[in-house]
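# Structural description and commentary
The primary structure of each chain is shown beneath.
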Amino acid sequence: MKIKDKSIEVLNAQNLALKDNNKLLKYRINQLQAEVKRLQRENKEYQKRLDEELINSVSEVSKDALAVLSIYKIWDVTVLREHQIRNKLDKYLRNVKVKPALDELKFKGFLIPEDEITYKLSDKAKSYKKRDNKHLNTMTYPAQTNQRFDALFDRFSEESRKKVKALLKMWPEVLLGRAEFIFMRGKTMIFKACAYMPEYLIVRYRPIRVSPEVLIDSYGGERKGETVNIPLSNLEYEDLVNFVFLLKRGDTPSLNKVDLAEINNWAFDS
């Protein structure tokens, strides 16, 4: 019995020692986890400061270009040639030569060179939004940045959502109405996609210099004063490219392969 009692005492002592060791290990693990979180937080703050310093180091023209680039979700996954970037920036950086800005952004690492003539946006460029920029104050933000976007988008039927999504990609200057997406050109409303029953587009034909007869003959619908109402069901998914092309170029566009290829890419690229 004495030997057995002694063995139990030894086991109890070893068990207590293991418990104490486990407590010590847990304490050290908690300390290490807290240290990791602190370092991650400091690293995030340090990276944010570096990004701000990098942004502050570029010229004002480059900041304007970067601000415009950052709002286009279409560019999140799309690699664009330099002339395409320049053409899009020219819409909002009028009377400014954007080539020097692109060269600077490429040199600073905001634009990542794919080869000699194509670029894709870096994470820094995509995350940069300068809300008080004078150029951004005069332009329309894509509807996808609005918190109400998903709720409004879901009001459309499944078939119409596919068409509206293509329109949003081809024509990113959009405001949100109570039950419609409002497609703008500067401060002018061009057409609306309405989630009413039935679902239809309201097209203003005068600002785009398209006769109501052309719209009705091409896509059906009904003339209402200065607008033509076109049921979304009249537009096949494949018709949307030609529809947008007509609205952008008017009744008699100078159709060419480059223009069609570019608009097709807006609608159907990945």
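Residues numbered from 1 in each chain as written. Predicted model: local features only at pLDDT ≥ 70, side-chain atom pairs only at ≥ 80, totals over all residues. Heavy atoms only, no water.

## A few points about the pairing of strand β6 (residues 188-194)
The line we're drawing: Relative accessibility decides the category of a residue: with a 1.4 Å probe and only protein chains considered, values under 20% of the type maximum give buried, values over 50% give exposed, and everything between is partly exposed. Working definition: helices are DSSP H or I runs of at least four residues, strands are E runs of at least two. Numbering for both runs from the N terminus. In short, DSSP must find at least two bridges between two strands for them to pair.
Burial analysis of β6 places five of its seven residues in the buried class, the great majority of the element. As paired elements, strand β5 (residues 180-185) and β6 share six bridges and run antiparallel to each other. If you follow I182 over to β6, its bridge partner there is K192. When β6 meets strand β7 (residues 200-204), the two strands line up antiparallel, connected through four bridges. Bridging across to β7, A193 finds its partner in L201. What sits between the antiparallel neighbours β6 and β7 is a turn of five residues.

## A closer look at the confidence of the model for the chain
Let me state the cut-off plainly: Scored from 0 to 100, pLDDT reflects the predictor's confidence in each residue. Contacts are assigned to residue pairs with any non-hydrogen atoms lying within 4.5 Å of each other.
For the chain, per-residue confidence averages 78 on the pLDDT scale, and residues scoring 70 or more make up 77% of the total. Confidence drops under pLDDT 50 across residues 253-259; counting only partners more than four residues distant or on other chains, this segment forms six contacts.

## Some details on the pattern of salt bridges
Spelled out, the test is: What counts as a salt bridge is simple: a side-chain nitrogen of Lys or Arg found within 4 Å of a carboxyl oxygen of Asp or Glu.
Evaluation of the coordinates by the stated rule reveals seven salt bridges. K224 serves as the salt-bridge partner of E222, at 3.7 Å between the closest nitrogen and oxygen.

## Structural notes on a negative patch on the surface
Applicable threshold: Only residues whose relative accessible area exceeds 30% and that form no salt bridge are eligible for patches; like-charged ones are grouped when within 9 Å, while nonpolar side chains (Val, Leu, Ile, Met, Phe, Trp, Tyr) are grouped when within 5 Å. Exposure was quantified through the Shrake-Rupley algorithm and a 1.4 Å probe, taking into account, for residues, occlusion by the shown protein chains and nothing else. Positive charges are assigned to Lys and Arg, negative charges to Asp and Glu, while His and the chain termini are left out of the count. Think of each charge as sitting on NZ of Lys, CZ of Arg, CG of Asp or CD of Glu.
On the surface, a cluster of negative charge is made up of E158, E159, E236 and E238. For E238, the location among the structural elements is in the loop between β9 (227-231) and α9 (240-249). By relative accessible area, E238 is classed as exposed at 57%.

## Side note on the nonpolar core
For clarity, the threshold we go by: Residues grouped as a nonpolar core are buried Ala, Val, Leu, Ile, Met, Phe, Trp, Tyr and Cys residues, joined through side-chain atoms within 4.5 Å.
One finds F181, F191, L201 and F243 to be the most contacted residues of the largest nonpolar core, which totals 36 residues. Contacts of F191, omitting those with residues within four sequence positions, involve L167, W171, F181, I182, F183, L201, I202, V203, F243 and L247. Core analysis: the next-biggest nonpolar cluster, separate from the first, contains 21 residues, L54, L66, I85 and F110 among them.

## What about the packing of aromatic side chains?
Heads up, the rule is: Classification of ring pairs rests on two measures: the distance between centres of Phe, Tyr or Trp rings, Trp counted by its six-membered ring, which must be within 6.5 Å, and the angle between planes, read as stacked under 30 degrees, edge-to-face over 60 and tilted in between.
Scanning all chains against the criterion turns up eight aromatic pairs. Pairing F149 with F181 gives two aromatic rings, centres 5.6 Å apart and planes at 50°, and the pair type is tilted. Remark: F181 occurs in strand β5 and F149 occurs in helix α6 (residues 149-153); sequence separation between them is 32 residues. Like F149, the residue F181 is buried in the burial classification. Measuring from centroid to centroid gives 5.4 Å for W171 and F191, while their planes differ by 85°, and the two rings are edge-to-face. Taken as a pair, W171 in the loop between α7 (158-170) and β4 (174-176) and F191 in strand β6 lie far apart in primary sequence, 20 residues in all. Taken individually, W171 and F191 each receive the classification buried, so the pair is uniform in this respect. Through a chain of ring-to-ring contacts, the aromatic side chains of W171, F183, F191, Y219 and F243 assemble into a single cluster.

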